[in-house]
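Examining the three-dimensional arrangement
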Amino acid sequence: MKTQLIILFTLMLNFAHAGKVIFNYELDLTQYKDDRLKVKFNIPKIKQDEVVFHLPKVVPGTYSIHNYGSFAHDIVALDKKGDTLKVERLDKNSWKIINAKKLKSISYWVDDTWNTREIKESIFEPAGTNFEEDFFVLNTFGIFGYLKGYEKSPCDIIIKHPKKLYGSTSLLRSTANDSTDYFFSNSYHELADSPMMYCVPDTISVMIGNTQVLVSVYKKEEKNLAKSIMKDIKPLMMAQHAYLGDSLPVKNYAFIITLVGGGFMSSYGALEHSKSSFFYLPSFMKGNSLTENINHIAAHEFLHIITPLNIHSKEIGEFDYINPEMSKHLWMYEGMTEYASHHSQLCGRIVNLKDFLGTIKSKISGAKGYNNKVPFTEISEGMLDKYHGELQNVYLKGALISLCLDLELRHLSNGAYGTQKLMHDLSLKFGPTKSFEDDKLFDIITEMTYPSIRQFFTDHVEGLEPLDYAKYFKYIGVDYTEEKTKYGSKREFKVNNDDKGAVALRDKWMGK
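Please read all numbers here as calculations on a predicted model, not as lab measurements. (Residues numbered from 1 in each chain as written. Predicted model: local features only at pLDDT ≥ 70, side-chain atom pairs only at ≥ 80, totals over all residues. Heavy atoms only, no water.)

Things to note about the pairing of strand S12 (residues 155-160)
One ladder, built from six bridges, connects strand S1 (residues 23-28) with S12; its direction is parallel. Bridged to Tyr25 within S12 is Ile157. Relative to strand S15 (residues 180-185), S12 runs antiparallel, the two sharing six bridges. Paired with Ile158 across the two strands is Tyr182, which belongs to S15. (Pairing = 2+ DSSP bridges. Helix = DSSP H or I, 4+ residues; strand = E, 2+ residues; numbered from the N terminus.)

Shown next as structure tokens:
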């Protein structure tokens, strides 16, 4: 029966990927040892005399150099007879394979990043890996490599695992038996964008519109948390479903949550993916503190299903994991997402106008402490190196840029059109497989909206003109004042008409 299922699965994959070069990965979680796993990468027939094998240097969403190749070792390339081929290491993340026309497979060991015995690279925990007997975190880009030039080729993944463990992921799966999972991915990009977690299952899924939303939780000391977490975040998901026009652009989504950390050196938080997000939170977090943190993070990460999944430039859509080019538009990828995470809660009446304005005030205060002498587009392009210290400002000033853009659009359209509708229209214009030219986005948005919007971007995103909060908030009947004091600045919002201000910030558009 097992053999028949494997044959059927293979036939299904061959039909789905007919005419394409298909790569295959094998990973056996039952054979881990010393915080290491062995990976086998099976290669179809290729035509090059030499190829380069990579593990990523940088992955989308982290804005940091991680050098995952530093955690791989004992790389062996074999031909179909089992004889070794010459492998030459080029740098931390690259290996050249000689006589590659004969290449049949590449095998190697990979260390996990949470428990490595040697300090090799500093890895943000939500972007890392963990290998334990009953708990495996598989951020796929930290485990599976690729051949240069074949990033868009389909790949199959076979993972053997202990029977008691379940693998949570957004990646499409066909399970052959209770100890082997078969996945397939349309490309390495999709595989790298799909984290997995194997543990004793604590999961629950619900339908939000036409989208199946999974919550999967790991906490060693406590079980059955998924149900309560889902209960807490479901109202948020419903509000965002309405915010996006009663339609979500993904068929499934996974919240993968670990409650394991406890040390002061850990980097708590989450990493977004197109159809999932991976959380790394302290194990001592519980009750209202846990609910508030998960809701705050989930509100932001979930909205990445809009951008960059459906709205992205070529720098993101054709991401180079070794020599990436950064986009000018982190104000949109992260800033707009951050603004929408709060705006959607206002629209869904999860928060009131006073709380919303309190959040905005804290962002204005926080943004003052960052670089205001370099255009935001330039900071965005230099985020990996020169301006990496400005990353947090993307979630502050980037969100404020998006807020002011929203208010300006509402003013020009008499309340009929804002960033909520703009992002919807951009998603329809582009989508997951169509990228925009980085230099043309401002002109594209201008053509879709109003001529004066181009000047907004020229002044506030490409230029150094400060955002005039008093001007923009006055559009909706809210007074903003900023007064210098002995200890800094005192910032206040005065709502002249609470109903008017709240309604003015809630788009009338509901996807109709």
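Right, picking up where we left off after that structure.
So, the packing of helix H3 (residues 226-243) against helix H4 (residues 287-302)
Viewed as axis vectors pointing N to C, H3 and H4 meet at an angle of 35 degrees, and their least axial separation amounts to 10 Å. Here the hand of the crossing between H3 and H4 comes out right-handed. Contacts between H3 and H4 involve Ile229, Asp232, Ile233, Leu236, Met237 and Gln240 from the first element and Thr291, Ile294, Asn295, Ala298, Ala299 and Phe302 from the second. Among the residues making up the contact of H3 with H4, the classes are represented as eight nonpolar, three polar and one charged. (Axes fitted to C-alpha atoms, helices over the stretch in contact; angles between N-to-C directions. Left-handed = near helix turned anticlockwise from the far one by under 90°. Contact = heavy atoms within 4.5 Å. Nonpolar A, V, L, I, M, F, W, Y, C, P; charged D, E, K, R; others polar.)

Structural notes on the pairing of strand S17 (residues 203-208)
Two elements, S17 and strand S18 (residues 211-218), share six bridges in a ladder whose sense is antiparallel. Bridged to Val206 within S18 is Val213. The hairpin turn running from S17 into S18, its antiparallel successor, is two residues long, and Gly209 in that turn takes a positive phi close to 65 degrees.

Some thoughts on the packing of aromatic side chains
In total, this model carries 32 aromatic pairs according to the counting rule given. For the ring pair Phe473 and Phe493, a centre distance of 4.8 Å and an interplane angle of 65 degrees mean the geometry is edge-to-face. Placement of the pair is Phe473 in helix H14 (residues 469-474) and Phe493 in strand S23 (residues 488-495), with a sequence separation of 20 residues. Judged by relative accessible area, Phe473 falls into the buried class, the value being 0%. (Phe/Tyr/Trp six-rings, centres within 6.5 Å; stacked < 30°, edge-to-face > 60°. Buried < 20%, exposed > 50% of the residue type's maximum accessible area, 1.4 Å probe, protein only.)

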